[in-house]
Amino acid sequence: MDFQDKVVVVTGGASGIGAAMVRKFSGLGARVCVADLNMDAAQGLADQVGGMAMRCDVTSESDIVALCDGVTATMGPIDLFVSNAGLGRGQPGHAASASNETWMLNWNVHVMAHVYAARALLPQMIERGSGYFVNVASAAGLLNQIGDAAYSATKHAAVSFAESLAISHGNDGIGVSVLCPQYVATPLIDLADDDAAGHPSLMTADDVAQATVDGINNKQFRILSHPVVGEYVKVRANDPDAWLEGMRRLKIKAERELGQAGIKDFYKLV
Ligand SMILES: NC(=O)c1ccc[n+]([C@@H]2O[C@H](COP(=O)([O-])OP(=O)(O)OC[C@H]3O[C@@H](n4cnc5c(N)ncnc54)[C@H](O)[C@@H]3O)[C@@H](O)[C@H]2O)c1
């Protein structure tokens, strides 16, 4: 994709991976809208890159519609919509211990937000015969995140919805990529760029933003910023029981070495 003058929206664009994408796309000449719950940070970043900011709660369909309408009115038809907003709450105990509220929040942020964006934009994209969705899932959407069943289940659903989009609308001229990073040094897991130095399993948000641009340019559906994830996916597909046994060993290792199956430091184990 030639990003020059393209109109791009990034949800969750005020922090972490989203903010790195905003800077990357803007640097390539795109006109970018930073959409986030955190309006102060979104506006600050938009001012830095010469873009626009809009407050948007991605769990609200009317907010997503207003975002798409506002961006279209201000900058023109949306060429690329990045559904990136996400969260990780973990679980207090067993695999079903997170509250229903936490499960529904994961579902709404990680899945329904992607559905709302597609519903808002597909008719006009189909009519134009062009448009692109980048839906940010996770390696947990292909594998699993120990200690967060709601995150893992909803990220799987996000991958599946992206597949449905790609199958249903590839012939309409619409591109779809699903980004599935492993560990990235962002506020989501309380880590920063310095933590990533010397740890290949922990990437910086800038590295992931570059991998995303490369993936879009290659019209790649599944963007694996951490290539090793592709190897794990093959192992899981070839022998699910052996893969589960490996994950159980990893859980024991995490509890022994990290004191708990905490998500923040998992990158040190893989
Ligand atoms: N950091 C990682 O290790 C990692 C790994 C794989 C996938 N991801 C995914 O990458 C995406 C970005 O994560 P990040 O690490 O940059 O996190 P982050 O916490 O740095 O940024 C997330 C942003 O999303 C925004 N947000 C959250 N809920 C929102 C809502 N309802 N409406 C609008 N904005 C909302 C937050 O305000 C924040 O600015 C998420 O989807 C996450 O699941 C992250």
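Look up a bit, the structure's there.
Computed from a prediction, not measured in an experiment: that's the story for all the values here. (Residues numbered from 1 in each chain as written. Predicted model: local features only at pLDDT ≥ 70, side-chain atom pairs only at ≥ 80, totals over all residues. Heavy atoms only, no water.)

Colleague: Describe the overall build of the chain, and please don't skip the residues or the numbers.
Modeller: Per the secondary structure count, the chain includes nine helices and nine strands. In terms of overall dimensions, the chain is globule-like: its C-alpha atoms have a radius of gyration of 18 Å, near the 18 Å expected for 270 residues. Based on the C-alpha atoms only, the size of the chain along its principal axes is roughly 55 × 40 × 35 Å. Counted over contacts in the chain with a minimum sequence separation of 6, partners at least 24 positions apart contribute 63%. Taking the 20 positively charged and 29 negatively charged side chains of the chain as two groups, their mean positions are separated by 5 Å. (Helix = DSSP H or I, 4+ residues; strand = E, 2+ residues; numbered from the N terminus. Rg over C-alpha atoms; globule rule 2.2 N^0.38 Å. Contact = heavy atoms within 4.5 Å. Lys, Arg positive; Asp, Glu negative; His and termini not counted. Charge placed at Lys NZ, Arg CZ, Asp CG, Glu CD.)

Colleague: Mind laying out helix α2 (residues 39-49), listing which residues take part and the relevant values?
Modeller: What α2 keeps buried is the set Ala42, Leu45 and Ala46. End-on view of α2: buried residues confined to an arc of 100°, all on one side of the axis. Opposite the packed face of α2, turned more than 90 degrees from it, sit the exposed residues Asp40, Asp47 and Gln48. On its buried face, α2 is in contact with α1 (16-27), β2 (31-36) and β3 (52-55). For α2, the N-terminal capping position is held by Asn38, with its side-chain oxygen 3.4 Å away from the main-chain nitrogen of Asp40. (Buried < 20%, exposed > 50% of the residue type's maximum accessible area, 1.4 Å probe, protein only. Arc of directions from axis to C-beta. Polar contact = N/O pair within 3.5 Å; in protein donor to acceptor, adjacent residues only side chain to side chain.)

Colleague: Now, about a negative patch on the surface: what can you tell me, with residues and values included?
Modeller: A cluster of acidic residues, Asp193, Asp194, Asp195 and Asp207, forms a negative patch at the surface. It is helix α6 (residues 193-196) that provides the largest number of residues to the negative patch, a total of three residues. Turning to its location among the elements, Asp194 is positioned in helix α6. Residue class for Asp194 comes out exposed when judged on its relative accessible area of 71%. (Patch = residues over 30% accessible without salt bridge, like charges linked within 9 Å, V, L, I, M, F, W, Y side chains within 5 Å. Areas by Shrake-Rupley, 256 points an atom, 1.4 Å probe, with all protein chains shown as cover. Salt bridge = Lys/Arg side-chain N within 4 Å of Asp/Glu carboxyl O.)

Colleague: Any chance you could break down the packing of aromatic side chains for me, citing the residues and the numbers?
Modeller: Considering all chains together, one arrives at two aromatic pairs under this definition. Measuring from ring centre to ring centre gives 5.3 Å for Phe3 and Phe25, while their planes differ by 15°; the resulting arrangement is stacked. Of the two residues, Phe3 sits in the segment before β1 (7-11) while Phe25 sits in helix α1, which places them 22 residues apart along the sequence. One exposure class covers both Phe3 and Phe25, and it is buried. The cationic tip of Arg236 hangs over the ring face of Trp243; the distance from NZ or CZ to the ring centre is 5.0 Å. (Phe/Tyr/Trp six-rings, centres within 6.5 Å; stacked < 30°, edge-to-face > 60°. Lys NZ or Arg CZ within 6 Å of the ring centre and 35° of its normal.)

Colleague: Requested: an account of the nonpolar core, with residues and values cited.
Modeller: Counting residues in hydrophobic clusters, the biggest one holds 57 residues, and the most contacted among them are Leu67, Val71, Phe81 and Phe133. The element contributing the most residues to this core is helix α4 (residues 100-128), with ten residues. Leave out the neighbours within four places in its chain, and Leu67 touches Val9, Thr11, Cys33, Ala35, Met54, Cys56 and Phe81. Phe3, Leu80, Ala205 and Ile223 belong to the second-largest nonpolar core, a separate cluster that totals 31 residues. (Core = buried A, V, L, I, M, F, W, Y, C linked by side-chain atoms within 4.5 Å.)

Colleague: Help me get a handle on the site of the ligand, residues and values and all.
Modeller: Taken together, 27 residues lie near the ligand, and Ser15, Ile17, Asp36, Tyr151 and Thr186 sit nearest. Here a nitrogen atom of the ligand sits 3.0 Å away from a polar atom, N or O, in the side chain of Asp57. The separation between an oxygen atom of the ligand and a polar side-chain atom of Lys155 is 2.9 Å. Across the complex, the protein chains shield 91% of the 830 Å² of accessible surface that the ligand would expose by itself. If you list the elements that add at least two residues to the shell around the ligand, you get α1, α5 (149-169) and β7 (183-185). The residue inventory of the shell around the ligand, partitioned by class, reads 15 nonpolar, nine polar and three charged. (Near = heavy atom within 4 Å. Nonpolar A, V, L, I, M, F, W, Y, C, P; charged D, E, K, R; others polar.)

Colleague: Kindly report on the pairing of β3, identifying the contributing residues and their values.
Modeller: In this structure, β2 lies alongside β3, joined through four bridges in parallel fashion. The partner of Val34 across the bridge, within β3, is Ala53. Regarding topology, α2 serves as the crossover connection from β2 to the parallel β3, and that connection is right-handed. (Pairing = 2+ DSSP bridges. Right-handed = clockwise from strand over helix to strand, strands pointing away.)

Colleague: Outline the state of the cysteines, listing residues and values.
Modeller: For the structure on display, the rule yields zero disulfides. The thiol of Cys33 is unpaired, and the distance to the nearest cysteine sulfur, on Cys56, comes to 8.6 Å. Left without a disulfide partner, Cys68 is nearest to the cysteine sulfur of Cys56, which lies 8.1 Å away. For Cys68, a relative accessible area of 2% corresponds to the buried category. (Disulfide = S-S within 2.5 Å.)

Colleague: Describe the sheet that holds β2, naming the residues involved and giving the relevant values.
Modeller: Paired through backbone hydrogen bonds, the strands of a sheet run either parallel or antiparallel to each other. Across the sheet, which stays open at both edges, the seven strands sit in the order β3-β2-β1-β4-β5-β6-β9 with parallel pairing between neighbours. Among the strands making up the open sheet, the edge pair consists of β3 and β9 (222-223). Sheet topology places strand β6 (residues 174-179) next to β9; two bridges connect them, and they run parallel. Residue pairing in the sheet places Val178 in a bridge with Arg222 of β9.

By themselves these figures say nothing about function.
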